[in-house]
Number of protein chains: 2
Amino acid sequence: MTANPYDEACAVDPALDVLFGKWKTSILYVLFHGTKRFSELQRNIPGITKKMLISHLRDLENQDIIQRVVYPSVPPRVDYSLTEAGQSLEPILELMHQWGKKHEEHLKRKRSSEAATLS
Amino acid sequence: MTANPYDEACAVDPALDVLFGKWKTSILYVLFHGTKRFSELQRNIPGITKKMLISHLRDLENQDIIQRVVYPSVPPRVDYSLTEAGQSLEPILELMHQWGKKHEEHLKRKRSSEAATLS
DNA sequence: CGGCATCCAAATGGATACTG
DNA sequence: CAGTATCCATTTGGATGCCG
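Treat the numbers as computed from the prediction; the structure is a model and nothing was measured. (Residues numbered from 1 in each chain as written. Chains lettered and ligands numbered in written order. Predicted model: local features only at pLDDT ≥ 70, side-chain atom pairs only at ≥ 80, totals over all residues. Heavy atoms only, no water.)

### Examining the nonpolar core
- If you look at the biggest cluster of nonpolar residues, it comprises 55 residues, and the most contacted ones within it are A:Leu89 and B:Leu89.
- Here this core takes six residues from helix α2 (residues 24-32) of chain A, the largest share from any one element.
- Not counting residues up to four positions away in its chain, the partners in contact with B:Leu89 are A:Trp99, B:Val18, B:Leu19, B:Leu28, B:Phe32 and B:Ile65. (Core = buried A, V, L, I, M, F, W, Y, C linked by side-chain atoms within 4.5 Å. Buried < 20%, exposed > 50% of the residue type's maximum accessible area, 1.4 Å probe, protein only. Helix = DSSP H or I, 4+ residues; strand = E, 2+ residues; numbered from the N terminus. Contact = heavy atoms within 4.5 Å.)

Laid out in structure tokens, this is it:
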């Protein structure tokens with residue numbers, strides 16, 4: 001019995017925290033394609049800096065979305081891959097991706113029709 | 001033919017922009033329950049300030065996720081409701097909500113089992 | 001009641017240089 | 001190669017007061 005029927009609204013946050021941040025989804029999208037090294041991630045995400053990449057990788061690792069494996073070689077090699085939990089995010093991301101594409105078109109149509117109606 | 005197979009990763013962003021921001025999902029969750037006045041939204045989202053509520057409502061309005069209707073009465077009355085596009089987000093939010101709940105439990109189990117294994 | 005303006009604090013993002 | 005550390009810019013969030 002909660003006093004406020006919308007209290008549950010906050011309950012979506014744990015899921016969103018996983019995806020929030022400027023680069024989280026890009027990282028996940030790259031890792032959906034398989035295990036990647038640090039430098040591969042950096043190459044495949046145009047514009048990301050090492051600092052941002054590391055910090056987002058750490059976040060995702062702490063939430064058990066991705067796994068980090070260090071090979072004690074010289075030069076060092078570190079592999080990142082999705083955990084089971086991370087893989088379970090793929091359908092959701094895919095759904096959002098589809099929605100986003102449709103919505104983009106929708107907005108474009110709507111805005112051009114609005115422009116045509118301007119007095 | 002894109003040079004980089006991960007270029008499409010960026011394509012998820014339009015969808016995420018809609019949800020990003022500290023309060024967007026809370027607003028949507030309240031509006032899933034039906035049309036609400038400005039003051040009702042403010043009451044039902046504990047901790048939000050007028051400034052944040054307005055700015056997020058404007059964002060959502062600009063993306064045609066919600067609709068704003070002004071009644072020229074005294075005192076003024078403004079109603080916010082979901083557009084069709086906004087309603088189409090409900091299954092996605094619901095999915096994320098479910099995922100978030102499961103993931104929360106998963107993390108809890110994992111962390112307690114890790115604590116038990118400590119040396 | 002709904003909303004804008006101002007001012008301020010905190011979080012986030014980024015450039016650069018350095019290290020094992 | 002895979003990070004750290006430092007410093008700085010931008011963005012975001014928030015408190016408060018005023019207005020039609």
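### What to know about the confidence of the model for chain A
- Of all residues in chain A, 86% have pLDDT values of 70 or greater, and the mean over the chain is 86.
- Confidence drops under pLDDT 50 across residues 1-11 of chain A; counting only partners more than four residues distant or on other chains, this segment forms eleven contacts. (pLDDT = per-residue confidence, 0-100.)

### Some thoughts on the protein's contact with DNA strand D
- In the vicinity of DNA strand D there are 20 residues, among which A:Lys50, A:Ile54, A:Arg68, A:Tyr80 and B:Lys51 approach most closely.
- Of all atoms in DNA strand D that approach within 4 Å of the protein, 62% are sugar or phosphate atoms.
- Within the contact set of DNA strand D, a sugar or linking oxygen lies 3.0 Å away from a side-chain nitrogen or oxygen of A:Arg37.
- Between DNA strand D and A:Lys50 there is a distance of 2.5 Å, counted from a base oxygen to a side-chain nitrogen or oxygen.
- Looking at the surface near DNA strand D, the elements that each hand over two or more residues are α3 (38-44), α4 (50-62) and β3 (77-82) of chain A together with α4 (50-62) of chain B.
- The biggest single contributor to the surface near DNA strand D is α4(A), with four residues.
- Here the residues of the surface near DNA strand D sort into nine nonpolar, three polar and eight charged. (Near = heavy atom within 4 Å. Polar contact = N/O pair within 3.5 Å; in protein donor to acceptor, adjacent residues only side chain to side chain. Nonpolar A, V, L, I, M, F, W, Y, C, P; charged D, E, K, R; others polar.)

### Details of the pairing of strand β3 (residues 77-82) of chain B
All names here are of chain B.
- Counting buried positions over the six residues of β3 gives five, a clear majority of the element.
- Both strand β1 (residues 36-37) and β3 contribute to a ladder of two bridges, which runs antiparallel. In the strand pairing of β3, Arg-37 is matched with Asp-79.
- Bridging between strand β2 (residues 66-71) and β3 involves six bridges; their strand directions are antiparallel. Within β3, the position partnered with Ile-66 by the bridge is Leu-82.
- In sequence, β2 turns back onto β3 through a hairpin of five residues. (Pairing = 2+ DSSP bridges.)

### A short note on the protein's contact with DNA strand C
- Residues in contact with DNA strand C amount to 19 residues; listed here are only the nearest, A:Lys22, A:Lys51, B:Ser39, B:Lys50 and B:Arg68.
- For DNA strand C, the backbone makes up 62% of the atoms found within 4 Å of the protein, where backbone means sugar plus phosphate.
- Between B:Arg37 and DNA strand C, the recorded distance is 3.2 Å, taken from a side-chain N or O atom to a phosphate oxygen.
- Between DNA strand C and the protein, one listed contact pairs a phosphate oxygen with a side-chain N or O atom of B:Ser39 at 2.8 Å.
- Listed by contribution, the elements that provide at least two residues to the surface near DNA strand C are α4 of chain A together with α3 (38-44), α4 and β3 of chain B.

### Digging into the sheet that holds β3(A)
Residues and elements named next belong to chain A.
- Taken in spatial order, the three strands line up as β1-β3-β2 in an open sheet, and their pairing is antiparallel. Looking at strand neighbours, the two that pair on one side only are β1 (36-37) and β2 (66-71), the edges of this open sheet.
- Contacts from α2 reach β1, β2 and β3 within the one sheet, and its direction differs from that of β3 by about 90°.
- Its contacts with the sheet place α4 against β2 and β3, and it is angled at close to 115° to β2. (Axes fitted to C-alpha atoms, helices over the stretch in contact; angles between N-to-C directions.)

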